[in-house]
Amino acid sequence: MQKPTQATLDKIISLCKRKGFVFQTAEIYGGLNGVYDFGHLGFLLRENIKRAWRNSIENDLGEIYTLEGSLLGTQRMWEASGHIDNFHDPMVDCKNCKKRFRTDDGSIDLNKNCPDCGIKNWTEVRNFNLMFKTELGAVADGTAHAYLRPETAQTIFINFKNMMTTNRAKMPFGVAQIGKSFRNEITPKQFLFRLREFEQMELEWFCSQESAMENFEFWLAKRREFYRSLGLNMDRIRFHAHGKEELAHYSVCCTDIEYEFPFGFKELEGIAHRGTFDLTQHSKFSGKDLAVFDEATKTSHTPVVVETSVGVDRLFLTLLFDAYYEDEMDGETRVVLKFAPHIAPIKLAIFPLTKKLEEPALALFKTIKKTVPNIQFDVTGSIGKRYRRQDEIGTPFCITYDFDTEHDNCVTIRDRDSGKQDRIAITDIMSYLTEHGVINS
Ligand code: GAP
């Protein structure tokens, strides 16, 4: 049985700031709620997540093509998708302190006083559309409304014909997109869990009606494999199949992959059989036929969509929670992020034992950096302190260049999780890193 996590939201937030993974946006101006900036380590971690996701959707059933859609979209397309009419949350305002709350997430009881100011003076409950609306051009006369996309999926659907014809795609095939989405969440919360600006990794898989359920099952299994390959504790993952009453208006069936955060099991990714809803709607609203002609049967049909959708930021937070441990090593308590090597932002750190060895150690660092760019060099403090610094950011291996290295051309390489040290030849460093999943993974 997996040990319960020692991570709390406060510890993760503090680590992220201390080590430069994540900063509050516009912090020096008082911050912007639900929006974050990512520092150097945060950027590298995001890159690794996106690369792993892109690799994970390769498959034997059909090709995957990629799209980078625009962030702004027209009023008409969001009418077609159902977002103008349906994409809202119920909310209420406290008339006294002006604080706004969602009424459907259990955070307030309207029979009680406002949790913020302690006075009971609520407005009526009303629906709040989560899309950010803006005007195109200089004239704000309401004729040129545009919306920041609340999901990447719709830019894939409206480009379905473009993608199919230009790539000469054969069904089944997928269109993948990694990109920003925006939702004016009433109450952004739990750090990176619910944001107003976030990034999604979505795959829209186009297949025939007859094969749709089989394809849905195929993607469920593939997605489970993805989380296993990230090294996540699989006993903190569960699959939640939606009951009829939980299904979104477009869904035939849907399963959420949930992770057990310290604040409970929550959705990490959604996998949905969306039927023909999206292409049918966009055909209707645009007047452009998005059906596919099948040469074999000489008939036209609208493909079914199976979607997999996960947020980069939510997965980022999940990986931090999952990797976070406080344990004892060499008689000291340490904080360590036990990231899988292919996910770790920094792959390796190189230390000269003393300042006297800085020059040859730095030469070794520069040589390795040509093949493994994301490595660090650290000459400050005791070796123990330098290990602790790297453990805290999840670096899987540290190399110490010592006085013996000058004679035997060997270095000490130390494993982050076990603390075990091996003495290896400098010429074997690359094969050691390959064997341990740091390179080419
Ligand atoms: N195209 C389907 C779609 O967007 P969703 O369940 O609304 O479905 C998919 O979002 C995934 O995007 C979620 O499982 C989550 O990982 C991420 N996500 C959604 N809203 C988010 C938010 N406000 N902040 C961070 N991530 C979010």
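Thresholds applied
- Residues numbered from 1 in each chain as written.
- Predicted model: local features only at pLDDT ≥ 70, side-chain atom pairs only at ≥ 80, totals over all residues.
- Heavy atoms only, no water.
- 1 Å grid on protein atoms, 1.4 Å probe; cavity = no way out; pocket = protein on both sides within 12 Å on 5 of 7 lines; lining within 4 Å.
- Points joined across faces, edges and corners; volume = space filled by probe spheres on them.
- Nonpolar A, V, L, I, M, F, W, Y, C, P; charged D, E, K, R; others polar.
- Salt bridge = Lys/Arg side-chain N within 4 Å of Asp/Glu carboxyl O.
- Helix = DSSP H or I, 4+ residues; strand = E, 2+ residues; numbered from the N terminus.
- Buried < 20%, exposed > 50% of the residue type's maximum accessible area, 1.4 Å probe, protein only.
- Near = heavy atom within 4 Å.
- Polar contact = N/O pair within 3.5 Å; in protein donor to acceptor, adjacent residues only side chain to side chain.
- Sits in = over half its atoms within 2 Å of the grid points.
- Domains from an automatic or database assignment.
- Contact = heavy atoms within 4.5 Å.
- Buried area = accessible area lost by both parts, 1.4 Å probe.
- Axes fitted to C-alpha atoms, helices over the stretch in contact; angles between N-to-C directions.
- Parallel < 35°, antiparallel > 145°, perpendicular 65-115°, else oblique.
- Pairing = 2+ DSSP bridges.

A. Summary view of empty space enclosed by the protein. A complete count under the given rule lists one cavity of 30 Å³ or more for this structure. Tyr 36, Phe 38, Lys 180, Leu 195, Glu 197 and Asp 313 are the residues that line the largest cavity. Among the residues forming the lining of the largest cavity, the class breakdown is three nonpolar, no polar and three charged.

B. Here's a closer look at the pattern of salt bridges. Taken as a whole, this structure holds 36 salt bridges when the rule is applied. We note a salt bridge from Glu 258 to Arg 238, for which the minimum N-O separation is 2.7 Å. Here Arg 238 lies in strand β12 (residues 237–241) and Glu 258 lies in strand β13 (residues 253–261), a separation of 20 residues in the sequence. A salt bridge links Asp 402 to Arg 423; the shortest N-O distance between them is 2.9 Å. Here the residue Asp 402 occupies a position in the loop between β22 (397–401) and α12 (405–408), and Arg 423 occupies one in strand β24 (residues 421–425), the gap between them amounting to 21 residues. Given the relative accessible area of 36%, Arg 423 is considered partly exposed. One network of salt bridges, with partners in common, ties together Asp 327, Asp 330, Glu 332, Arg 334, Lys 338, Arg 388, Asp 391 and Arg 414.

C. Broad picture of the site of the ligand. Near the ligand, the surroundings consist of 19 residues, among which Glu 151, Arg 183, Glu 202, Glu 267 and Leu 268 are the closest. Between a nitrogen atom of the ligand and a side-chain N or O atom of Glu 151, the distance comes to 2.6 Å. Between the ligand and Glu 267 there is a distance of 2.6 Å, counted from an oxygen atom to a side-chain nitrogen or oxygen. In a pocket analysis with a 2 Å cut-off to the grid points, the ligand is assigned to the largest pocket. Mapped by element, the contributors of at least two residues to the shell around the ligand are β11 (197–207), β14 (264–275) and β17 (304–311). Grouping the amino acids of the shell around the ligand by side-chain chemistry returns six nonpolar, three polar and ten charged.

D. Geometry of the domain arrangement of the chain. Considered domain by domain, the chain is made up of domain 1 (9–76 + 144–320) and domain 2 (346–435). A separation of 38 Å is found between the C-alpha centroids of domain 1 and domain 2. Counting from both sides, the interface comprises seven residues of domain 1 and, opposite them, six residues of domain 2. Approximately 560 Å² of surface area, both sides summed, lies buried where domain 1 meets domain 2, with 56% of it carried by carbon and sulfur atoms. When the area that domain 1 buries against domain 2 is broken down by residue, the three leading residues are Lys 19, Leu 41 and Leu 44, summing to 60%. For Arg 18, the salt bridge identified is with Glu 392, shortest N-O distance 2.3 Å. For the pair domain 1 and domain 2, the number of links is two residue pairs in polar contact (both at pLDDT 80 or more). When residues of the side of domain 1 that touches domain 2 are traced back to their parent elements, those giving at least two are α1 (9–19) and α2 (40–56). Broken down by class, the residue content of the side of domain 1 that touches domain 2 amounts to four nonpolar, one polar and two charged.

E. Broad picture of the layout of surface pockets. Its boundaries defined by the atoms lining it, the largest pocket holds a volume of some 1,500 Å³. For the lining of the largest pocket, the secondary structure elements donating two or more residues are α4 (83–86), β5 (88–93), β11, β13, β14, β17 and α9 (312–323). Sort the elements by how many residues they give to the lining of the largest pocket and β14 lands first, with nine residues. When grouped by side-chain class, the residues that make up the lining of the largest pocket number 16 nonpolar, 13 polar and 20 charged.

F. The arrangement of the packing of α2 against α9 in detail. Where α2 contacts α9, the axes come no closer than 10 Å and their chain directions differ by 105°. As summarised for this structure, α2 and α9 are arranged roughly perpendicular, according to the angle between their axes. In this structure, α2 contributes Gly 42, Leu 45, Arg 46, Ile 49 and Lys 50 to the contact, and α9 contributes Val 312, Asp 313, Leu 315, Phe 316 and Leu 319. Of the residues in the contact of α2 with α9, the class split is six nonpolar, one polar and three charged.

G. Geometry of the sheet that holds strand β9 (residues 145–148). Strand order in the open sheet formed by three strands is β4-β9-β8, and the pairing between neighbours is antiparallel. Both outer strands of the open sheet, β4 (72–74) and β8 (133–135), are each paired with one neighbouring strand and no more. For this sheet, the mean inter-axis angle between neighbouring strands, taken without regard to orientation, is 45°. Where β4 lies against β9, three bridges are found, and the strand directions are antiparallel.

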